[in-house]
Amino acid sequence: AGICLLASGSVALIYNPVALAERFGHLALERTHAVGKPVAAEAAPIEVLAPLVMVVDDSLTVRRVSQRFLEREGYRVLLAKDGLDAMEQLAREELPDMVLSDIEMPRMDGFDLVRNIRADQRLKDLPVVMITSRIAEKHRDYAEALGVQGYLGKPYDEEQLLGLIRQHTRRTVVV
């Protein structure tokens, strides 16, 4: 089973009846024998997707390490190299459930990113956690004044980060 995009842009489903029969044929036979007649098809199951977390950091190493860690914990991950890249992706990609952002980045730093997120009506409630080497109280206070949901120093405690992600994400349900 699969899909194909037609020249018109429409999606066409492709079914392989042999593969479907091999995989699910025994279920149809069991239902037929149990009731004595074929049963109507059940509604498609609801697929629950893991929360999507955007990691914004100018360090490729930090992005990749964070990506592997989050994927290992069952999250989907979207990567951005700085605040401007993040804003561009937020405008056109699937909206993440949470943003994890560094502060010190070229083009647009983490503070400007949070200001832009809070100023955008569509993004204003998006949870943001800052993960940065700037651990001074004045930076933490400024981030909290901008409306971040968490502030962690580098290197961060993985369990603390997972706790913040669980606290501020929701499951996305797709039928």
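Below is a short write-up of the structure. If you're wondering where the values come from, they're calculated on a predicted model, not measured in any experiment.

What follows is about the overall build of the protein. Along the protein, the regular secondary structure elements total six helices and nine strands. Every one of the 175 residues in the protein was classed for burial, and the buried ones make up 35%. Considering only contacts in the protein between residues 6 or more positions apart, those separated by 24 or more positions represent 58%. Of the roughly 10,800 Å² that the protein leaves accessible, carbon and sulfur atoms contribute 55%.

Our focus in this paragraph is the packing of aromatic side chains. Scanning the entire structure with this criterion turns up two aromatic pairs. With a centroid separation of 6.4 Å and an interplanar angle of 50°, the aromatic rings of phenylalanine 69 and tyrosine 156 are classed as tilted. With phenylalanine 69 in helix H2 (residues 60-72) and tyrosine 156 in the loop between strand E8 (150-153) and helix H6 (158-168), this residue pair connects regions lying 87 residues apart in the sequence. With respect to class, phenylalanine 69 is no different from tyrosine 156; both count as buried. Between phenylalanine 111 and tyrosine 142, the ring centres sit 4.8 Å apart and the planes meet at 80°, which makes this aromatic pair edge-to-face. Placement of the pair is phenylalanine 111 in helix H4 (residues 110-119) and tyrosine 142 in helix H5 (residues 137-146), with a sequence separation of 31 residues.

Turning next to unusual backbone geometry. Omega for the bond connecting lysine 154 with proline 155 falls within 30 degrees of zero, at -5°, which places this linkage in the cis form. Non-glycine residue arginine 107 carries a positive phi angle of around 65°. Structurally, the position occupied by arginine 107 is in the loop between strand E6 (98-101) and H4.

In this section: the sheet that holds E6. If you trace the five strands from one edge of the open sheet to the other, you get E5-E4-E6-E7-E8, paired in parallel fashion. What marks the edges here is a single partner per strand, and that holds for strand E5 (76-80) and E8. Neighbouring strand axes in the sheet, compared pairwise and without regard to direction, differ in orientation by 20° on average. Bridge analysis of strand E4 (residues 52-56) against E6 gives four bridges, and the strand direction is parallel. Residue valine 56 lies in a different strand from E6, and its bridge partner there is serine 101. Its contacts with the sheet place helix H3 (residues 83-92) against E4 and E5, and it is angled at close to 125° to E5. The strands that H4 touches are E4, E6 and strand E7 (128-132); relative to E7, the one it contacts most, it runs at about 175°.

Looking now at the pairing of E7. When you tally the buried positions in E7, you get five out of five residues, the bulk of the element. Residues Val128, Met130 and Thr132 line one face of E7 and the alternating positions Val129 and Ile131 line the opposite face, and both faces are buried. Note that E6 and E7 share three bridges and pair parallel. When the sheet's bridge partners are listed, leucine 100 is paired in E7 with valine 129. Crossover connection from E6 via H4 to parallel E7: handedness right-handed. Pairing of E7 with E8, which is carried by four bridges, proceeds in the parallel orientation. Of the residues in E8, the one forming a bridge with isoleucine 131 is leucine 152. What joins E7 to E8 is H5, and the crossover it makes is right-handed.

This part covers the pattern of salt bridges. Pairs may arise between side chains of opposite charge once their charged atoms sit close together. Considering all chains together, one arrives at seven salt bridges under this definition. When the shortest N-O distance is used, the salt bridge between aspartate 57 and lysine 154 registers 2.9 Å. Residue aspartate 57 is found in the loop between E4 and H2, and its partner lysine 154 is found in the loop between E8 and H6; the two are separated by 97 residues along the sequence. Across the salt bridge formed by aspartate 102 and lysine 154, the nearest N and O atoms sit 3.6 Å from each other. Residue aspartate 102 is located in the loop between E6 and H4, and its partner lysine 154 is located in the loop between E8 and H6; the two are separated by 52 residues in the primary sequence. A relative accessible area of 31% means that lysine 154 is categorised as partly exposed. If you follow the salt bridges from partner to partner, you end up with Asp57, Asp102 and Lys154 in one network.

What counts and how
- Residues numbered from 1 in each chain as written.
- Predicted model: local features only at pLDDT ≥ 70, side-chain atom pairs only at ≥ 80, totals over all residues.
- Heavy atoms only, no water.
- Helix = DSSP H or I, 4+ residues; strand = E, 2+ residues; numbered from the N terminus.
- Buried < 20%, exposed > 50% of the residue type's maximum accessible area, 1.4 Å probe, protein only.
- Contact = heavy atoms within 4.5 Å.
- Areas by Shrake-Rupley, 256 points an atom, 1.4 Å probe, with all protein chains shown as cover.
- Phe/Tyr/Trp six-rings, centres within 6.5 Å; stacked < 30°, edge-to-face > 60°.
- Pairing = 2+ DSSP bridges.
- Axes fitted to C-alpha atoms, helices over the stretch in contact; angles between N-to-C directions.
- Right-handed = clockwise from strand over helix to strand, strands pointing away.
- Salt bridge = Lys/Arg side-chain N within 4 Å of Asp/Glu carboxyl O.

These figures capture arrangement, not role.
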